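Examining the three-dimensional arrangement
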Amino acid sequence: MEEILQLLSEDARLTDAQIAERTGISEAEAKDAVAKLEKDKVIRRYKTVIDWERAGIEHVFGFIEVRCAPERGVGFDAVAERIMEFPEVHSLYLMSGAYDFLVVIQGGNMRDVAYFVAEKLAPLDHVVGTATHFVLRRYKVDGDVMVERAQAKRLPVTP
Amino acid sequence: MAKTRPRVARRVQTLRPSGIRRFFELVERMPEAISLGIGEPDFITPWRVREAGIYSLERGHTHYTPNRGIGPLLQEIAQYLDRRFGVSYDPDTELVVTVGGSEAIDVALRTVLEPNDGVLIPQPCFVSYVPCAVLAGGRALQVSTSVEHDFQVQVDDLAEAYDEGTRALLISYPSNPTGAVMPRAGMEALVEFAADRDMLIISDEIYAELTYDGAHCSAAATPVGRQRTILVGGFSKAWAMTGWRLGFAAGPADIIEAMVKVHSYAVMCSPTTAQEAAIEALRGCDEEIDQMRREYNQRRRVMLNRLNEMGLSCFEPKGAFYAFPSVSATGLTSEQFAERLLEEEKVAVVPGTAFGPSGEGFVRCSYATSMPLIEEAMLRMAGFVSRVGG
């Protein structure tokens, strides 16, 4: 099962037949295994890694540190729920250390992000401070290197 | 005027040029070809190992090391051999770090052979064995292996090639070029054969980590085997460190001490940077090795499947990163098959004959290349086979 997950995490478009051939099981077994992983929500969905910059589409990435004074009796969860409802929020993490939440923003342009922080995030109840960091360049994202590098060459035939 | 003498020793003149060489030149002229002819990993050395090498250089570790290798690396190798293959060696007296497994083979032969001693060499085999035996003054006694026995050498065939002057048996499992492995029972039979005739075993286990079905059995993993085996290993394959040129030999102290002598006169010591990087390879790379092995195994299954589907029957290779299909169904010789496949489909494989006469009728296909390239190469090859009539 782990091998199937690993294969799909690399290439979500692998067919059942390809999974079967690579792992040495039958196609029917592969189909059943994937169906079960989907049903159990181990596989939550299939996505595509896109290099927006290469596509020429403006797509800002930002990390926003959020400090807050959590609500009595409810803790951070109530604040988190309010933050994550905004569609601008790509990811949201509760952190240890100097701030409480890390909000990852993806999409739109800088003005959109600035507007979101100023008008939506900062004024939220319990939020006491924010610090916004814009990404200047993405080198590696979710395990994928996003910059072009020369391939190391091998001799064409060796013993 | 004095009569001119040949400037190259007869021994060297008589060495056949590697069968790979000619093919290399053909493929080199065709940069767009997909090469399944490469005998090294497509992976790059894990970063943590490269980083350790960089750190070694940064600290200015650019001097000679002790002849046999640096202490911490010898200790790591000893622990590794024990942990992975259940063979224990004293790092101070029973190990030597060499310039690749290749140097270990050369030094082992030069250390143990008297002039004209015979060396039993099952073939098809790696291209250097026969020349190294000849250069060491020995006689290469080639023993054919066949697909009927999954390219595992048979004791009967060894016995037939054996003569009184035979000193050593040189084996390599998992095998380049066939991908054959030697299970424990077979290995024990080989060890027994050698012990009965007081022969030494030089066991090239460079592909030991790349075994896909069952555990690798070292020739040194039995008490009888251990006392007469020179075990050769290295970092090139499993750690993807071919260019670093680092290997090792393990064996009984009397032989290893003598090998250190030969090694020290030949090369002084192995590269310092590579030795320091290799410590990191043994300490921190188990996960990366697992990942590479898993990927090789996936490619192996795909290649084996496709070869059999296209009508080139292929026994299941259980080690290394090669498949060794028969091309006899096409009516072509190994060389004809490889040349025409290259010309007509721009796919390079290596004729089996490059690895010895019993490689005739087979080609070596390396799956140390990316899955998309393997799939494309298999498509083209299938087209070729159906055209020439498989």
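Quick caveat: nothing in here was measured; it's all calculated off a predicted structure.

Notes on the nonpolar core
Residue and element names in this part refer to chain B.
- Judged by nonpolar contacts, the single largest core of 48 residues is most densely connected at Leu36, Met303, Leu307, Phe337, Val349 and Met381.
- Listed by contribution, the elements that provide at least two residues to this core are α2 (19–28), α12 (286–309), β9 (322–323), α13 (334–345), β10 (347–348), β12 (363–366) and α14 (371–388).
- Top element by residues in this core is α14. It accounts for six residues.
- Two domains each donate at least three residues to this core, and these are domain 1 (10–39 + 287–388) and domain 2 (47–284).
- The contact partners of Met303, leaving out residues within four places of it in the chain, are Leu36, Ala323, Cys365, Ser366, Tyr367, Ile374 and Met378.
- Ala78, Trp244, Ala250 and Ala278 belong to the second largest nonpolar core, which has 32 residues in total.

Details of the sheet that holds strand β4 (residues 127–134) of chain A
Residues and elements named next belong to chain A.
- One open sheet accounts for four strands, arranged β2-β3-β1-β4; its pairing is antiparallel. Pairing within the sheet leaves two strands with one partner each, and these edge strands are β2 (89–94) and β4. Strand-to-strand twist in this sheet, taken as the mean axis angle between neighbours without regard to direction, amounts to 20°.
- Where strand β1 (residues 61–68) lies against β4, seven bridges are found, and the strand directions are antiparallel.

Considerations on the interface of chain B and chain A
- With 31 residues of chain B at the contact, the number on the chain A side is 15 residues.
- Taken together, both faces of the contact between chain B and chain A bury some 1900 Å²; the carbon and sulfur share is 53%.
- Contact with chain A buries area across many residues of chain B, yet Phe24, Gln298 and Arg301 of chain B alone supply 28% of it, more than any other trio.
- On the surface where chain B and chain A come into contact, there are two salt bridges.
- Where Glu21 of chain A meets Arg306 of chain B, a salt bridge forms, and the shortest distance between an N and an O atom there is 2.7 Å.
- At the junction of chain B with chain A, the criterion picks out 16 residue pairs in polar contact (both at pLDDT 80 or more).
- Residue assignment for the side of chain B that touches chain A shows that the elements contributing at least two residues are α2, α12 and α14 of chain B.
- The biggest single contributor to the side of chain B that touches chain A is α12 of chain B, with seven residues.
- Of the residues in the side of chain B that touches chain A, the class split is 15 nonpolar, eight polar and eight charged.

Remarks on the packing of helix α1 (residues 2–10) of chain A against α12 of chain B
- Across the interface, α1 of chain A lies against α12 of chain B with an axial gap of 12 Å and an inter-helix angle of 85°. It follows that α1 of chain A is roughly perpendicular to α12 of chain B by the angle criterion. Note on element contacts: α12 of chain B touches α1 of chain A through Gln291, Arg294, Gln298 and Arg301 of chain B, opposite Glu3, Gln6 and Leu7 of chain A.
- When its residues are assigned to classes, the contact of α1 of chain A with α12 of chain B shows one nonpolar, three polar and three charged.

Some remarks on the environment of Asp11 of chain A
- By the secondary structure assignment, Asp11 of chain A is in the loop between α1 and α2 (16–23).
- For the pair formed by Asp11 of chain A and Ile105 of chain A, sequence separation is 94 residues and the distance between their alpha carbons is 25 Å.

Considerations on the packing of aromatic side chains
All names here are of chain B.
- One pass over the structure, following the stated rule, counts 19 aromatic pairs over all chains.
- Taken together, a centroid distance of 5.3 Å and an interplanar angle of 80° make the contact between Phe151 and Phe362 edge-to-face. Residue Phe151 is found in the loop between β4 (139–144) and α7 (155–161), and its partner Phe362 is found in the loop between β11 (350–351) and β12; the two are separated by 211 residues along the sequence. The pair formed by Phe151 and Phe362 is uniform in burial state, with each residue classed as buried.
- In textbook terms, an aromatic cluster arises when at least three aromatic residues are bridged by ring pairs, as seen for Phe43, Tyr207, Tyr296, Phe321 and Tyr322.

Structural notes on the domain arrangement of chain B
All names here are of chain B.
- Partitioning chain B into domains gives domain 1 (10–39 + 287–388) and domain 2 (47–284).
- One C-alpha centre belongs to domain 1, the other to domain 2, and the line joining them spans 25 Å.
- Carbon and sulfur atoms supply 63% of the area that domain 1 and domain 2 bury against each other, a total of about 2700 Å² over both sides.
- Of all residues in domain 1, Phe315, Lys318 and Phe355 give up the largest surface area on contact with domain 2, accounting jointly for 23% of the area buried on that side.
- At the junction of domain 1 with domain 2, the criterion picks out three salt bridges.
- A salt bridge links Glu209 to Arg293, with the shortest nitrogen-to-oxygen separation between them at 3.0 Å.

Conventions adopted
Residues numbered from 1 in each chain as written. Chains lettered and ligands numbered in written order. Predicted model: local features only at pLDDT ≥ 70, side-chain atom pairs only at ≥ 80, totals over all residues. Heavy atoms only, no water. Core = buried A, V, L, I, M, F, W, Y, C linked by side-chain atoms within 4.5 Å. Buried < 20%, exposed > 50% of the residue type's maximum accessible area, 1.4 Å probe, protein only. Helix = DSSP H or I, 4+ residues; strand = E, 2+ residues; numbered from the N terminus. Domains from an automatic or database assignment. Contact = heavy atoms within 4.5 Å. Pairing = 2+ DSSP bridges. Axes fitted to C-alpha atoms, helices over the stretch in contact; angles between N-to-C directions. Buried area = accessible area lost by both parts, 1.4 Å probe. Salt bridge = Lys/Arg side-chain N within 4 Å of Asp/Glu carboxyl O. Polar contact = N/O pair within 3.5 Å; in protein donor to acceptor, adjacent residues only side chain to side chain. Nonpolar A, V, L, I, M, F, W, Y, C, P; charged D, E, K, R; others polar. Parallel < 35°, antiparallel > 145°, perpendicular 65-115°, else oblique. Phe/Tyr/Trp six-rings, centres within 6.5 Å; stacked < 30°, edge-to-face > 60°.

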